[in-house]
Amino acid sequence: MTPPEPLKPLQPLDLGAPCACSPDRPEQAPLAPVSEDRSVLVRRLGLAAAALILWWGLYAQLLALAQYATYSVLGLERGSHLAESVEFFLYDTPKVLLLLALVVFGVGIIRSFFTPERTRRILAGRSEAAGNVLAALLGIVTPFCSCSAVPLFIGFLGAGVPLGVTFSFLISAPMVNEIAVVLLYGLLGWKVAALYMGTGLAVAIVSGLVIGKLGLERHVEEWVTKVHVDTSAEKDVELSWAGRIDAGLFAVRDIVGKVWPWVVAGIAVGAGIHGYVPEGVLASVMGKEAWWSVPAAVAIGIPMYSNAAGIIPVVQALLGKGAALGTVLAFMMAVIALSLPELVILRKVLKPRLIGVFVGVVGAGILLVGFLFNAII
């Protein structure tokens, strides 16, 4: 089979392309400079403060509103399966969307400091160990999803970023993104969120180090290695603070518009589990005692692709019905980090052996996380 013609140098490569199958990440906000106007900034800050007060007032009343709608408006019988499912749905749907809007606004501002070009330059030229750690940390706040794999690989490898460092970023960006961490905090508490973030970063860092040490560069498709990314003409646009607030608002409009169907679908599944699955059933299938539950959860999670916003309400319901924490964390990591769509897209830039190594190394790390937390918690 004749390899494709080498591509012309990219000047510059757009690594923030919108992604159809994984709306975890908003499209990159327009980065046109905004003139520093104090009156504009004051208006932006005033509107943001008013919106925050309104947000807090609504968030504090969500449980009461959900109960009123369930039992007074709909007239459902307390304690019934249907009532429990409906209350769960009416409470969690606005709760998740409100949390999502708040965190995306904040992270949208942070992302205005990390354009794709700046991220690529930060990672290029680093020592391998430091590069893996930095890549995993940058994956939390930079605008990439798993389906940005092709431009990510072309751009990063073309700019001189080592293969293992690129993999650390690729794993961290979808799995340990800010949406997952904040929603876990809002729904399950800071301990679960911290455990997930810490173990997810560890999986990303160690997996990248292992892949880098194996020397698998020859298993990248030949045409990718011939692409050169010209960064000489790249310039980062400096925004005023009014412009950064606009970038946060843009991120909210973009990501909530993409994610809300996934949120509703995930919460609907979680509501069904919460209301209708008997206590103890999931404990017997996804509990600590079933040694096979962790590998089974990973195997089931890979083809069941969803994003963080869609899968976390399901995770909440599973834990509420007795599923073991380690098993559920392994399931969530597999769903987000080893998605079937991502593997299909990666085939455009990686040969099958390297894809197999990627799945094997990351899968082993996820299995270790599941077994570890089932053993200690």
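A short tour of the structure in this document, coming up.

What follows covers the overall build of the chain. Helices and strands together make up the secondary structure of the chain, namely 17 helices and zero strands. The burial tally for the chain puts 52% of its 377 residues in the buried class. Here the contacts in the chain between residues at least 6 apart in sequence split such that 86% fall between residues at least 24 apart. Within the structure as shown, the chain displays about 16,500 Å² of accessible surface, and the carbon and sulfur contribution to it stands at 69%.

Further remarks concern the environment of Trp241. Topologically, Trp241 is positioned in helix H11 (residues 241-276). Expressed as a C-alpha distance, the spacing of Trp241 and Arg38, which sit 203 residues apart in the sequence, is 9.6 Å.

Now for the packing of aromatic side chains. For the coordinates displayed, the defined rule picks out four aromatic pairs. By the ring-pair criterion, three or more aromatic residues cluster together here, those being Trp55, Trp56 and Tyr59. The cationic tip of Arg78 hangs over the ring face of Tyr71; the distance from NZ or CZ to the ring centre is 3.9 Å.

Okay, the packing of helix H8 (residues 178-188) against helix H14 (residues 308-320) next. One way to put it is that H8 packs onto H14 with a least axis distance of 10 Å and a crossing angle of 30 degrees. Relative to H14, the element H8 is oriented roughly parallel. Seen from above, H8 lies across H14 with right-handed handedness. Only Ala308, Ala309, Ile312, Val315, Gln316 and Leu319 of H14 make contact with H8, whose side of the interface consists of Ile179, Ala180, Leu183, Leu184, Leu187 and Leu188. Here the contact of H8 with H14 is composed, by residue class, of eleven nonpolar, one polar and no charged.

For the structure on display, the rule yields three salt bridges. Asp246 is the partner of Arg44 in a salt bridge, and the nearest nitrogen-oxygen pair spans 2.7 Å. Residue Arg44 is found in helix H1 (residues 38-60), and its partner Asp246 is found in helix H11; the two are separated by 202 residues along the sequence. Overall, Arg44 belongs to the partly exposed group, its relative accessible area being 24%. For Lys351, the salt bridge goes to Glu222, with nearest N and O atoms at 2.8 Å. With Lys351 in the loop between helix H16 (340-346) and helix H17 (352-376) and Glu222 in helix H10 (residues 222-225), this pair connects stretches of sequence that are 129 residues apart. On the basis of relative accessibility, which here comes to 38%, the residue Glu222 falls in the partly exposed class.

What follows concerns the packing of helix H5 (residues 128-141) against helix H9 (residues 190-213). As a packed pair, H5 and H9 sit with axes 9 Å apart at the nearest point and diverge in direction by 140 degrees. Considering the angle they form, H5 stands oblique to H9. The hand of the H5/H9 crossing is right-handed. For the pair H5 and H9, the contacting residues are Glu128, Ala129, Asn132, Val133, Ala136, Leu137 and Ile140 in the first and Met197, Leu201, Ala204, Ile205, Gly208, Leu209, Gly212 and Lys213 in the second.

A separate point is helix H7 (residues 163-175). When the terminal C-alpha atoms of H7 are compared, their 19 Å separation across 13 residues agrees well with the 18 Å that a helix rising 1.5 Å per residue should span. In terms of burial, H7 is a largely internal element, 13 of the 13 residues being buried.

Let us now look at a nonpolar patch on the surface. Together, Tyr68, Val73, Leu74 and Leu90 make up a nonpolar patch on the protein surface, roughly 400 Å² of accessible area in all. As for its position among the elements, Leu90 is in helix H3 (residues 81-111). In this structure Leu90 comes out as partly exposed when scored by relative accessible area, which is 30%.

We now examine the environment of Val294. Inspection of the secondary structure assignment puts Val294 in helix H13 (residues 293-301). Through-space distance from the C-alpha of Val294 to that of Gly370 is 6.0 Å; in sequence the pair is 76 residues apart. With residues up to four places along the chain from it excluded, the contact list for Val294 reads Thr327, Ala330, Leu367, Gly370, Phe371 and Asn374.

Right, let's talk about the side chain of Thr166 for a bit. With respect to the helices and strands, the residue Thr166 is situated in helix H7. Among the residues examined, Thr166 registers a relative accessible area of 0% and is labelled buried.

Looking now at the side chain of Lys95. Note on placement: Lys95 falls in helix H3. In this structure Lys95 is buried but unpaired, with Asp92 as the nearest side chain of opposite charge at 5.3 Å. Excluding anything up to four places from it in sequence, Lys95 contacts Tyr59, Leu62, Gly186 and Leu187.

Conventions used here
- Residues numbered from 1 in each chain as written.
- Predicted model: local features only at pLDDT ≥ 70, side-chain atom pairs only at ≥ 80, totals over all residues.
- Heavy atoms only, no water.
- Helix = DSSP H or I, 4+ residues; strand = E, 2+ residues; numbered from the N terminus.
- Buried < 20%, exposed > 50% of the residue type's maximum accessible area, 1.4 Å probe, protein only.
- Contact = heavy atoms within 4.5 Å.
- Areas by Shrake-Rupley, 256 points an atom, 1.4 Å probe, with all protein chains shown as cover.
- Phe/Tyr/Trp six-rings, centres within 6.5 Å; stacked < 30°, edge-to-face > 60°.
- Lys NZ or Arg CZ within 6 Å of the ring centre and 35° of its normal.
- Axes fitted to C-alpha atoms, helices over the stretch in contact; angles between N-to-C directions.
- Parallel < 35°, antiparallel > 145°, perpendicular 65-115°, else oblique.
- Left-handed = near helix turned anticlockwise from the far one by under 90°.
- Nonpolar A, V, L, I, M, F, W, Y, C, P; charged D, E, K, R; others polar.
- Salt bridge = Lys/Arg side-chain N within 4 Å of Asp/Glu carboxyl O.
- Expected span 1.5 Å × (residues − 1).
- Patch = residues over 30% accessible without salt bridge, like charges linked within 9 Å, V, L, I, M, F, W, Y side chains within 5 Å.
- Lys, Arg positive; Asp, Glu negative; His and termini not counted.

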